[in-house]
Every structure is written in structure tokens, then in C-alpha cells.
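Observations on the three-dimensional arrangement
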Amino acid sequence: MAQLQAISSYSSTDLLFRRPKLESSPYHDKLYWWRQLPFVPELGTRGSGINGQAIVHNNGSLFQNLTRVHSNQAIRAVVSSEKETVTSGASNGGLRGKLNKVVLAYSGGLDTSVIVPWLRQNYGCEVVCFTADVGQGIKELEGLEEKAKASGACQLVVKDLKEEFVKDYIFPCLRAGAIYERKYLLGTSMARPVIAKAMVDVAKEVGADAVSHGCTGKGNDQVRFELTFFALNPELNVVAPWREWEIRGREDAIEYAKKHNVPVPVTKKSIYSRDRNLWHLSHEGDILEDPENEPKNDMYMMSVDPEHAPDQPEYIEIGMVSGLPVSVNGKELSPASLLSKLNEIGGRHGIGRIDMVENRLVGMKSRGVYETPGGTILFTAARELESLTLDRESIQQKDSLALKYAELVYAGRWFDPIRESIDAFMKKITETTTGSVRLKLYKGSVTVAGLKSPYSLYRQDISSFESGQIYDQADAAGFIRLYGLPMKVRAMLEKGI
């Protein structure tokens, strides 16, 4: 067995050993230092003395583990091509090093239940589980404290974020008209930053020095969580178990849970990967992975099959103020209550089903089916009212910026100054988007049935085919001659006139 021993002595210096996926290097049997990349925050808070990463390379393989070296202490790393053993003078540390307290985004499912003991074993830390209520349903929240503590957590924190989620995240996207790749109304994309922001707040409240999530290394959510962490508290350490551990699937996770006496959730395993909040419900996996397959009717949970929806249409009226909804059928409601009401109404008419193949931020294509009944109604209402209150140039500029806005939100850049600046434009441009929209809901469709606004730019006395005082039809001749002059000049050139 080829071995390498590195014995170093540093004064109050922390060494960070990670396990990157790098190609073989020609530099064998040496100890190298490198600075942390921006996407991998250094382990430890400001002033902890962390200077970079140590990489021990031998026989074409890279190995990194986590330990801490204090004054007059040494580390001995024994490295082989198959296994690495690290011993450290650090007391009470884990297999990968030492953290004090970690706030974990916790759902109570198998993955996050297993992450709790894994964090304790590998980082020697206390684990505070955090669950955000963003409208996923009461059943998802039942029994969480018992599950968390049974898994080894010292505390469970649950926060009701529904109103904040709708008011500060969903409504700005609605006002902006942000739709990703023509279809996706950004349900999961909007939820991640509000959850991550709350995690940063909880970390401060409980004195945690790290945060952790259960996102896989192939999806978008890992980026959305971590960019929010970076933006709001760059000193927090981030632990992403799915990028570090040896667990590769459900059976591995169950085996790990049994080994560490973690109660395995006995819920029936869904064949779909789902994410639900107050805005939408997403479905991925199983037969949906083949774009040729039609989704099964029993998959849907928020909406009825349009074919089985009521045979009579339902009319509703949405009240809007400055681009944001405030009432349904004349009754003012809080943001979360308003959306819940529209989910109920839209769901029974089969509104808001979307089946799409999207381009993930990490480079691959994926297929998802989304149910967004209330959101689809609101997007229709906002767009239709803007047809009254915005002029041509304003609509064009708004639509062009909406594309960029959607890309930023999808990519997890909610706290990016660019999104915030575009949001300021959207707030300004929709100041006069106030009024009411009457909509007709019928078997999966939403159509406008009436519009009115005190700021309407539509003038019947101008638009009417009858003669009017403001618009003289004879003026159109001169306008057409000037507007079409470039085209006329080009034609004259081509014809040699």
C-alpha cells in the first residue's frame, strides 16, 4: 500500500481538507496549498485562522479530509489509492473535522433524517433542524419534532413563512411577469431564497456557524440555497452531504439509518419527486423522464382533469392595485389567503397544468409537470390589465426585462443587485396598473371577460370607427408615408429608381 505521511506544525491554524473531483496531477507525494474557490466557502468564521485547503495527492488520486491543527499539534495523514485515514489532535471533532452547530433544512423525510446523524458523526456538531412552512400542507409538518429529535437533532425550529413568501417573493415575480422558458411560473425557484434567508436568520438566533441542505449535486436547488447563504452571511460554512457522502440512493440511506438507530420514515415512497408550496406543485421522475410518455391522471393533486371539470363556467373578478392582486370577487384578502382561495377555485376547473422540458442551470435538460392553478389565474389577470394601463413601449420594455428577471430567479440570484434593480423598474412601470379583471374559468382555460381601470389608456371616443374629434383619419396618410419611407427608399435603390 502506497502511503504518504505529512506532519506539520502550525500555530492556531486551521487546515481544510476536502475531496474535489480533479484530474490526475503530475505532482506526486507532495503537499500543496490552494485558496478556496468562491463557490466553496472556507470552513470557519472570520478570524478562525483558516487560510486555504491542503491537498494530499498520491498515485493519481486526490484525497481531502477535514481536521484542525492547533499550536504544537500535528496531523498525520495516511493515504492510499482506496482509503484514507486521518487522525487529529482536535478534540470532540468528527471524521471530517469540527463544527459547533449546524442549521439543517429539514423535511422529516428519509434523506434529511439521515443527514442529522451524518453531520454529527462527520463534523462533531449539534444539529438544529429547520422547517419552513411555505404552504406545503399540514400533513408535511405533523410529527416533525419527534422525528428530528429521534434522528439526533438538539432542536427543531418551524417558521410560518407563507405570507412573506407570497408578499415578498411571489408577488414581485407576478408584477414583473417573470416566466422561465415560456411556461414555468418559478414555483420552486421563488421558494428557495425565502427558506434560505430564514435559515440564515435562525443560524444567527441559535449561534450556529454552519448551514446544511439536502439538495443533490445534479439539481438547481443547491445553487439557489447557497447563493442566498453567500449573499446574506458569507461567513457561514455550508455543508452539502450529497456532494460529500458515499450514500448513492434510497437503499443506502435506509441502511445508514438502521446502522445509526435512526427511525426510518414509514411513509409510502412516491414514484414521483414532488415539491409543493402555496404557489404550485411540481412532479418529476418515473415515466415523466421519457418525454414521449403522457402524464397519468392520478398523478395530479391540486387540480382536477379538465375533462371532468364542471360543465358550467365560473366567473371571478380580481382586484389589482399597482400591479398586485388585493381582492377576489370584491373581498380583500391577505396575500397568502388570496392565493389559497384562487388555488381552490382554479383547481376545481383544471386550471394551470403545465408539461415542459426545461434547461436546468447545471446544464442538463429535465422534464417537469407543474400545477399552478391560482398562479395561472393571477398571471392572466395581471397581463390583461396591463393591456389597458401600459403603452406599447412600456409593454415591450417590461416584457424584455421580464425574461432576464425570470432567468435570475431561476438561477437563485434573488439577492443579486441586478434583480433588485429590475424589480425597481417593475414597481415604477406598474404604478398605474390598478383596476379589476373579470375572468371566465372553464375546463382548464382562463379567458378575460371584462376589464376596467381608472388609469385606462383606452379611449372609446378615439378607437371607435365612428368619426371623432381627436383622431382624424386623414392624418394617417402622412404618417404612413413617413413611417414607410425607409422601406420605400430601399425598394427604389433595388429597382434603380
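In case you missed it, the structure is sitting above this.
Since the model is a prediction, treat every value here as computed from it, not as a measurement.

With respect to the nonpolar core
By size, the foremost hydrophobic cluster in this structure holds 74 residues, and its most contacted members are Val103, Phe130, Leu186, Met199, Ile318, Leu342 and Ile377. Ranked by residues supplied to this core, first place goes to helix H4 (residues 187–206) with 11 residues. Setting aside residues up to four positions removed in sequence, Ile377 forms contacts with Ile316, Ile318, Leu342, Gly346, Ile351, Leu439, Leu441 and Val446.

Observations regarding the sheet that holds strand S18 (residues 353–359)
A sheet is described by the order of its strands in space; here 4 strands give the open sequence S13-S14-S19-S18, paired in antiparallel fashion. At either end of the open sheet lies a strand with only one pairing partner, and these are strand S13 (273–276) and S18. Here the strands of the sheet are splayed against their neighbours by 25° on average, with no regard to which way each runs. In this sheet, strand S14 (residues 281–284) lies alongside S13 in antiparallel orientation, the contact comprising 4 bridges. Within S14, the position partnered with Arg274 by the bridge is His283.

What to know about the side chain of Thr434
Counting through the fold element by element, Thr434 comes out in the loop between helix H10 (417–429) and strand S20 (435–442). Excluding residues that lie within four positions of it along the chain, Thr434 makes contacts with Met320, Val321, Ser322, Leu385, Thr389, Lys452, Ser453, Pro454 and Tyr455.

Let's talk about the pattern of salt bridges
For the structure shown, the criterion picks out 23 salt bridges. The salt bridge involving Lys101 is made with Glu126; its shortest N-O contact spans 4.0 Å. Placement of Lys101 in strand S8 (residues 101–105) and of Glu126 in strand S9 (residues 126–133) is noted, with a sequence separation of 25 residues between them. The class for Lys101 is buried, based on a relative accessible area of 16%. In this structure Glu126 comes out as partly exposed when scored by relative accessible area, which is 41%. In this structure, the salt-bridge partner of Glu431 is Lys428, at a minimum N-O distance of 3.3 Å.

The rules behind the values
- Residue positions are given per chain, counting from 1 as you read along its sequence in written order.
- It should be noted that, the model being predicted, local features are given only for residues of pLDDT at least 70 and side-chain atom pairs only at 80 or more, the latter also being counted only at that level, while totals for whole chains, interfaces and linings use all residues.
- Computation of side-chain values: all heavy atoms of the structure, hydrogens and water removed.
- Buried residues of nine kinds, namely Ala, Val, Leu, Ile, Met, Phe, Trp, Tyr and Cys, make up a nonpolar core once their side-chain atoms join them within 4.5 Å.
- Each residue's exposure class comes from its accessible area (1.4 Å probe, protein chains only) as a fraction of the maximum for that residue type: buried when under 20%, exposed when over 50%, partly exposed otherwise.
- Secondary structure elements are taken from DSSP: a helix is a run of H or I of four residues or more, a strand is a run of E of two residues or more, and numbering for both begins at the N terminus.
- Any two residues whose heavy atoms approach within 4.5 Å are treated as being in contact.
- Only strands joined by at least two bridges in the DSSP assignment are considered to pair.
- Angles shown run from 0 to 180 degrees and are taken between the N-to-C directions of axes, each axis being a line fitted to C-alpha atoms and, for helices, limited to the stretch in contact.
- Salt-bridge detection follows one rule: a side-chain nitrogen of Lys or Arg within 4 Å of a carboxyl oxygen of Asp or Glu.

Spatial relationships are all this shows, so hold off on functional conclusions.
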